[in-house]
Amino acid sequence: MNTLEKIQWIKEHKYAYPNYEELLSILEKLHQQESRFTKDDLLRLARKIKPVMREDKNKTVGIAPIAQGKNLFWIPPYPIHSQSFIGWCSTPIKKAEGLKEIARVTTYHTYGGYHGFLRPSTDEAICQCPEDILERVCAFEFQSSSPYISDIFNNGLDRHVLTTIYYEGQLPADIADQDVSW
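Figured I'd write up the structure that's included with this text. (Residues numbered from 1 in each chain as written. Predicted model: local features only at pLDDT ≥ 70, side-chain atom pairs only at ≥ 80, totals over all residues. Heavy atoms only, no water.)

Digging into the overall build of the protein
And step 1. If you tally the helices and strands in the protein, you get six helices and eight strands.
And step 2. Listing every helix and strand of the protein by position from the N terminus yields α-α-α-β-β-β-β-β-α-β-α-β-β-α.
And step 3. Relative to the compact-globule value of 16 Å for 182 residues, the protein shows a C-alpha radius of gyration of 16 Å, a close match.
And step 4. The dimensions of the protein, computed from C-alpha atoms along their principal axes, are 50 × 35 × 25 Å.
And step 5. Considering only contacts within the protein whose residues lie at least 6 apart along the sequence, 70% involve residues at least 24 apart. (Helix = DSSP H or I, 4+ residues; strand = E, 2+ residues; numbered from the N terminus. Rg over C-alpha atoms; globule rule 2.2 N^0.38 Å. Contact = heavy atoms within 4.5 Å.)

So, the packing of aromatic side chains
And step 1. Summed over the entire model, instances satisfying the criterion amount to three aromatic pairs.
And step 2. Between Tyr111 and Phe153 the ring centres are 5.7 Å apart and the planes differ by 70°, which places this aromatic pair in the edge-to-face class. Of the two residues, Tyr111 sits in the loop between β5 (100–109) and α4 (122–127) while Phe153 sits in strand β7 (residues 153–154), which places them 42 residues apart along the sequence. A single burial state applies to Tyr111 and to Phe153, both of which are buried. (Phe/Tyr/Trp six-rings, centres within 6.5 Å; stacked < 30°, edge-to-face > 60°. Buried < 20%, exposed > 50% of the residue type's maximum accessible area, 1.4 Å probe, protein only.)

Some points on the nonpolar core
Proteins that are soluble and globular tend to have nonpolar side chains buried together.
And step 1. By size, the foremost hydrophobic cluster in this structure holds 27 residues, and its most contacted members are Ile49, Phe85, Ile126, Leu134, Phe140 and Tyr166.
And step 2. Mapped onto this core, the elements with two or more residues apiece are α3 (39–46), β5, α4, β6 (139–143) and β8 (159–168).
And step 3. When residues in this core are grouped by element, the largest group, four residues, is from α3.
And step 4. When residues no more than four places from it in sequence are discounted, the contact partners of Phe140 are Ile49, Lys50, Pro51, Val52, Phe85, Thr122, Ala125, Thr164, Ile165, Tyr166 and Tyr167.
And step 5. If you look at the next biggest cluster of nonpolar residues, it comprises 11 residues, including Val52, Tyr167, Leu171 and Ile175. (Core = buried A, V, L, I, M, F, W, Y, C linked by side-chain atoms within 4.5 Å.)

Remarks on the side chain of Ser84
And step 1. Inspection of the secondary structure assignment puts Ser84 in the loop between β3 (72–74) and β4 (94–95).
And step 2. For Ser84, a relative accessible area of 13% corresponds to the buried category.
And step 3. At a separation of 2.5 Å, a polar atom in the side chain of Ser84 contacts the main-chain carbonyl oxygen of Pro120.
And step 4. Each residue touching Ser84, except ones within four places of it in the same chain, is listed here: Tyr78, Arg119 and Pro120. (Polar contact = N/O pair within 3.5 Å; in protein donor to acceptor, adjacent residues only side chain to side chain.)

With respect to the pairing of β8
And step 1. The buried fraction of β8 is high, at eight of 10 residues.
And step 2. Pairing of β5 with β8, which is carried by nine bridges, proceeds in the antiparallel orientation. Residue Val105 lies in a different strand from β8, and its bridge partner there is Thr164.
And step 3. Across five bridges, the pairing between β6 and β8 is antiparallel. When the bridges of β8 are listed, Gln143 appears paired with Thr163.
And step 4. Linking two consecutive strands that pair antiparallel, namely β7 and β8, is a turn of four residues; a positive phi of about 60° is found at Asp158 within it. (Pairing = 2+ DSSP bridges.)

Description of helix α1 (residues 3–12)
Along an α-helix, a turn takes 3.6 residues, which lines up residues three or four apart on a common side.
And step 1. For α1, the set of buried residues is Thr3, Lys6, Ile7 and Ile10. The buried residues of α1 all sit within an arc of 105° when viewed along its axis, so they share a single face.
And step 2. Contact partners of the buried residues in α1: α2 (20–35) and β8.
And step 3. Looking at where α1 begins, the residue whose side-chain oxygen comes 3.1 Å from the main-chain nitrogen of Leu4 is Asn2. (Arc of directions from axis to C-beta.)

A closer look at the packing of α1 against α2
And step 1. At a minimum axis distance of 9 Å, the contact between α1 and α2 shows a crossing angle of 160°. Accordingly, the angle class assigned to the pair α1 and α2 is roughly antiparallel. Here α1 runs over α2; the crossing is left-handed. Contact with α1, carried on its side by Thr3, Leu4, Lys6, Ile7, Ile10 and Lys11, involves Tyr20, Leu23, Leu24, Leu27, Glu28, Leu30, His31 and Glu34 of α2 and no other residues of that element.
And step 2. Each residue belonging to the contact of α1 with α2 can be placed in one class, and the counts come to eight nonpolar, two polar and four charged. (Axes fitted to C-alpha atoms, helices over the stretch in contact; angles between N-to-C directions. Parallel < 35°, antiparallel > 145°, perpendicular 65-115°, else oblique. Left-handed = near helix turned anticlockwise from the far one by under 90°. Nonpolar A, V, L, I, M, F, W, Y, C, P; charged D, E, K, R; others polar.)

Next comes the structure, spelled out in structure tokens:
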């Protein structure tokens, strides 16, 4: 269900949502954020804003709660809208160095066919990036507040809730040259 469809659903079934005003506020803001970009805008921004992930104990990368202190890595390119770069594990390309955190934002993510799978996408991170830092951002990282998918899924919003960390810094040439596709 896209954002507009979810807004309509909640309006028609507000009796089922004690916090419907809060849900509508979040979804209306999401719709506003999504509407400010065309597909071409998102593709252009994805050429300069890349995902990074933290290394785990197995030397693979993934989303984990509070993974402070672990190394950040650039990852292979994935389509920015039609496929999430989050999988069972991703193979890191190279260590991401020289990045400076500039914002932490609560973000909301669709999941495809089944809410038990976390599938945030690059275009969602770009759309929900604060406008005042968008041109400075070169990387982003998703963090989860819990290792349990049920803890980060908001049924009312029909979305997973994550923290997205935005970074500024210099993209290495080989990362900047990665393919970007929808």
